[in-house]
2 protein chains.
Amino acid sequence: MSEIVRVAVDAMGGDDAPAAVVLGAVNAVNNHPEINVTLVGVMDAIEAELAKYKVPAGRIDIKAASEVIDMAEPPVVAIRKKKDSSIVVGLNLIKTREADAFVSAGSTGAILVGGQLIAGRIPGIKRAPLAPLIPTLNGVSLLIDCGANVDARSEHLVQFARMGSIYMQNIMNKKRPRVAIVNIGAEEEKGNALVKETYPLLKECKDILFIGSIEARDIPKGKADVIVCEAFVGNVILKLYEGTGQMFLSSLKKGLTSSLLSKLGAALVLPSLKKTLKDFDTKKYGGAPLLGLNGLVVKAHGSSGPAEIENAIVQCISFKQQDISTKISQMLQV
Amino acid sequence: MSEIVRVAVDAMGGDDAPAAVVLGAVNAVNNHPEINVTLVGVMDAIEAELAKYKVPAGRIDIKAASEVIDMAEPPVVAIRKKKDSSIVVGLNLIKTREADAFVSAGSTGAILVGGQLIAGRIPGIKRAPLAPLIPTLNGVSLLIDCGANVDARSEHLVQFARMGSIYMQNIMNKKRPRVAIVNIGAEEEKGNALVKETYPLLKECKDILFIGSIEARDIPKGKADVIVCEAFVGNVILKLYEGTGQMFLSSLKKGLTSSLLSKLGAALVLPSLKKTLKDFDTKKYGGAPLLGLNGLVVKAHGSSGPAEIENAIVQCISFKQQDISTKISQMLQV
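Residues numbered from 1 in each chain as written. Chains lettered and ligands numbered in written order. Predicted model: local features only at pLDDT ≥ 70, side-chain atom pairs only at ≥ 80, totals over all residues. Heavy atoms only, no water.

### Some details on the overall build of chain A
Step number 1: The helix and strand inventory of chain A stands at 11 helices and 11 strands.
Step number 2: On C-alpha atoms alone, chain A measures out to a radius of gyration of 20 Å, which is about the 20 Å that the 2.2 N^0.38 rule sets for 334 residues.
Step number 3: In chain A, buried positions account for 58% of the 334 residues.
Step number 4: The contacts of chain A with a sequence gap of at least 6 include a subset with a gap of at least 24, amounting to 72%.
Step number 5: Accessible area for chain A stands at about 13,300 Å²; split by element, carbon and sulfur atoms hold 54% of it.
Step number 6: Side chains of chain A carry 39 positive and 34 negative charges; the gap between the two charge centres is 4 Å. (Helix = DSSP H or I, 4+ residues; strand = E, 2+ residues; numbered from the N terminus. Rg over C-alpha atoms; globule rule 2.2 N^0.38 Å. Buried < 20%, exposed > 50% of the residue type's maximum accessible area, 1.4 Å probe, protein only. Contact = heavy atoms within 4.5 Å. Areas by Shrake-Rupley, 256 points an atom, 1.4 Å probe, with all protein chains shown as cover. Lys, Arg positive; Asp, Glu negative; His and termini not counted. Charge placed at Lys NZ, Arg CZ, Asp CG, Glu CD.)

This is how it looks when you write it as structure tokens:
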């Protein structure tokens, strides 16, 4: 029997916390016998939500944390001052090895800062990138880095490429993940100073399958499995994916109700349209791992519902079972 | 009566040249009495295409150019060596004031390099940005810069913001264009080194309406009229717009034919769907101006058809009539 994975979950993080988080956690333990959850946050609020559901004995416990970090708070200050916040308390459970992973839909900045300061980076890892999975016509790709640590150097990007490759291989079962660097043209001599410096270093990496540059128009086509970029660019890509999706949805709706004939047709196509759009919802995959830390930290989307929270929690199983952190450590020995 | 605008058009540039270009030029002069066109390129090829249409006397002439610059050629070398290429010959028509504008669907790199080297920048302008119009839920926004000159400095971005504002005000009739800088968060303290340095400079500009940062997810919502960014980021935004559009179209088609009911509905909604997708086609606006040059250079999309070429040519009318180059010069005096 495989080992139990203990996931600490920030019950106070996200637009619909604690209700959505607690339900997501309940579903996770009910559907996955290999997971136990520790809900972190305000005791009364969590107990009130938990009382609504049947929970198998011993599968969910609560770790009290009296404070909540708001989305708008400056991350560094918040992490330092709010020692009893759900994010700080949850991350400490990783540090003390009481939990294998921490999932939060709260402030991205606080999770990124706290992840590095409290859980800490694997020795040798220079930066811990936030790496969401994004939907493509081919399945999914890992976009690394989308975090808040901008102005990366080439040595950071090389580590991102290698960690991303390990993740896609072990968690998403891509045998030889194709790694590409985001660029403004396909040719090696194109790019800004950072890309030009990083490109030859990626070519030299023997542990990844580097396929060269990828232009942004080819990202949705799924031409690479690991898409390497500096965090500012990654953030733009991730948010534009979300924004164009909403744009198409909103104007499709308008178009579909523009004539009597199209209204009739709309009723017939709506189910398949909704499914299509759901396929391209960046939230679907539940959470973005923060790679390169001691233990796993997963950032779920702020607007996560119970299903997304459950996905984020479930993602931690294979991370633990595949022992990604050890594989990342070993990568640094090569 | 308003002055005639003479537009030099690269007959050899683009995937469907010279056929699509020549037809676009013919339509432009037929639909717009204030435009005359000079087709630049291989004489025989142009004459063979022109022979297919009725052209009013004296409205289209041909300037011979025996060479063609390929998409794959390194731009600087191509501009220097191929003195008799359609791009070099066409740009020289601007330099000698024989034409007011030059339109090409050829190599972006060669047009950008040639524009600066041959047409030349307005004195005081440090960089000539490529600024396409992108569709949004509100209409269109100007994305500046999407060119090939990466690693811009803050002083460049400030000029982009001011030139973009002049363009949107005079060509697109936005009374007080809202100018925003692409950033990874809404707060002033967020961003990479370049954005942090540029933000306070934009705040100080009295001739623009600076509304602060824009996150990529808000670009498709049309939250700003002039979207300022460094060329690498602009290129990613432009190409991802294109790529996500294709992704949605392709998966919508698949979804619509997935069941008998949705197939029936699809026939009814197809016209409105096609219109919606066309509304968000970045090619629709015909071409992206290269701002800050002596004379107007317009880069049309490589896959432009006759309608896009016509739009690109027509765009030159108001650029000339509104005397944008003089307005940009005057901006530098302030």
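### Thoughts on the interface of chain B and chain A
Step number 1: Across the boundary between the two partners, chain B contributes 51 residues, which contact 51 residues of chain A.
Step number 2: The junction of chain B with chain A conceals about 4,700 Å² of combined surface from both sides, 76% of it contributed by carbon and sulfur atoms.
Step number 3: At the boundary of chain B and chain A, one finds 4 salt bridges.
Step number 4: E242 of chain A is paired through a salt bridge with R217 of chain B; the nearest N and O atoms lie 2.9 Å apart.
Step number 5: The tally of links between chain B and chain A comes to 9 residue pairs in polar contact (both at pLDDT 80 or more).
Step number 6: Broken down by secondary-structure element, the contributors of at least two residues to the side of chain B that touches chain A are β5 (133–136), α7 (193–204), α8 (231–256) and α9 (260–279) of chain B.
Step number 7: For the side of chain B that touches chain A, the leading source of residues is α8 of chain B, giving 20 residues. (Buried area = accessible area lost by both parts, 1.4 Å probe. Salt bridge = Lys/Arg side-chain N within 4 Å of Asp/Glu carboxyl O. Polar contact = N/O pair within 3.5 Å; in protein donor to acceptor, adjacent residues only side chain to side chain.)

### Section: the relation of the copies chain B and chain A
Step number 1: Mapping chain B onto chain A leaves a residual RMSD of 0.0 Å; the transformation is a rotation of 180 degrees accompanied by 0.0 Å of translation along its axis. The relationship between the two copies is best expressed as a two-fold rotation axis. Considering only C-alpha atoms, the residue of chain B closest to the rotation axis is G265 of chain B, which sits at 2.0 Å.
Step number 2: Residue by residue, 100% of the interface of chain B is reproduced at the interface of chain A, so both copies engage with the same surface. (Least-squares fit on C-alpha atoms with pLDDT ≥ 70 in both.)

### Some points on the side chain of S213 of chain A
All names here are of chain A.
Step number 1: With respect to the helices and strands, the residue S213 is situated in strand β8 (residues 209–214).
Step number 2: Engagement of the side chain of S213 in a polar contact is seen with the side chain of N183, the distance being 3.1 Å.
Step number 3: If we skip the residues at most four places from it in the chain, S213 touches A180, I181, N183, G185, A186, E187 and Y199.

### As for the nonpolar core
Step number 1: L39, I219, I237 and I313 of chain A together with L39, I219 and I313 of chain B are the most contacted members of the largest nonpolar core, which has 168 residues in total.
Step number 2: Those residues within four positions of I237 of chain A in sequence are excluded, and the remaining contacts are L143, V182, I219 and C229 of chain A together with V236 and L240 of chain B.
Step number 3: With 26 residues, the next largest nonpolar core counts I94, A99, F102 and V113 of chain B among its residues. (Core = buried A, V, L, I, M, F, W, Y, C linked by side-chain atoms within 4.5 Å.)

### Brief notes about the confidence of the model for chain A
Step number 1: Model confidence for chain A is summarised by a mean pLDDT of 91, while 98% of its residues fall at 70 or above.
Step number 2: Across the interfaces of the predicted complex, the ipTM metric reaches 0.90, alongside a pTM of 0.91. (pLDDT = per-residue confidence, 0-100.)

### Describing the pattern of salt bridges
Step number 1: A complete count under the given rule lists 30 salt bridges over all chains for this structure.
Step number 2: In this structure, K320 of chain A engages E3 of chain A in a salt bridge whose closest nitrogen and oxygen atoms are separated by 3.5 Å. Taken together, the residues K320 of chain A in helix α10 (residues 306–321) and E3 of chain A in the segment before β1 (5–10) connect sequence positions 317 residues apart.
Step number 3: Among the residues examined, K320 of chain A registers a relative accessible area of 26% and is labelled partly exposed.
Step number 4: On the accessibility criterion, E3 of chain A (57% relative accessible area) is exposed.
Step number 5: E155 of chain B is paired through a salt bridge with R153 of chain B; the nearest N and O atoms lie 3.2 Å apart.
Step number 6: Residue R153 of chain B is classed as partly exposed on the basis of its relative accessible area, which comes to 46%.

### Focus on the sheet that holds β1 of chain A
All names here are of chain A.
Step number 1: An order of β3-β2-β1-β4-β11-β10 is seen for the 6 strands of this open sheet, with the pairing classed as mixed. Edge positions in the sheet fall to β3 (60–64) and β10 (288–290), since each has one partner strand and no second. Strand-to-strand twist across the sheet, computed as the mean angle between neighbouring axes with direction ignored, equals 25 degrees.
Step number 2: Of the pairings in the sheet, the one linking strand β4 (residues 101–104) to strand β11 (residues 296–299) comprises 4 bridges and is parallel in character. Residue S104 lies in a different strand from β11, and its bridge partner there is K299.
Step number 3: Those strands touched by helix α1 (residues 19–31) are β1, β2 (35–41) and β3, and its axis lies near 165 degrees from that of β2.
Step number 4: Strand contacts of α10: β1, β2, β4, β10 and β11, with the helix running at about 145 degrees to β1, the strand carrying the most contacts. (Pairing = 2+ DSSP bridges. Axes fitted to C-alpha atoms, helices over the stretch in contact; angles between N-to-C directions.)

### Some words on the sheet that holds strand β2 (residues 35–41) of chain B
Residues and elements named next belong to chain B.
Step number 1: Within the open sheet, the 6 strands sit side by side as β3-β2-β1-β4-β11-β10. Their pairing is mixed. Two strands close off the open sheet at either side, each with one partner strand: β3 (60–64) and β10 (288–290). Within this sheet the neighbouring strands show an average axis-to-axis angle of 25 degrees, counted without direction.
Step number 2: Packing of helix α4 (residues 86–95) onto the sheet brings it into contact with β1 (5–10), β2, β3, β4 (101–104) and β11 (296–299), and relative to β4 it is tilted by some 160 degrees.

### Looking at the packing of helix α6 (residues 154–170) of chain B against α7 of chain B
Residues and elements named next belong to chain B.
Step number 1: The geometry of α6 relative to α7 is characterised by a closest axis approach of 9 Å and an angle of 45 degrees between their N-to-C directions. The angle between α6 and α7 falls in the class oblique. Helix-helix and strand crossings are classified by hand; for α6 and α7 the assignment is right-handed. Facing α6, whose interface residues are S154, L157, V158 and A161, α7 presents L194, E197, T198, L201 and L202.
Step number 2: For the contact of α6 with α7, a count of residues per class yields 6 nonpolar, 2 polar and 1 charged. (Parallel < 35°, antiparallel > 145°, perpendicular 65-115°, else oblique. Left-handed = near helix turned anticlockwise from the far one by under 90°. Nonpolar A, V, L, I, M, F, W, Y, C, P; charged D, E, K, R; others polar.)

### Topic: helix α7 (residues 193–204) of chain A
Step number 1: Listed as buried for α7 of chain A are L194, V195, T198, Y199 and L202 of chain A. Buried residues along α7 of chain A cover an arc of 125 degrees about the axis, so they all sit on one side. The exposed residues of α7 of chain A that point more than 90 degrees off its buried face are K203 and E204 of chain A.
Step number 2: Where α7 of chain A is buried, its residues meet α6 (154–170), β7 (178–182) and β8 of chain A together with α8 of chain B. (Arc of directions from axis to C-beta.)

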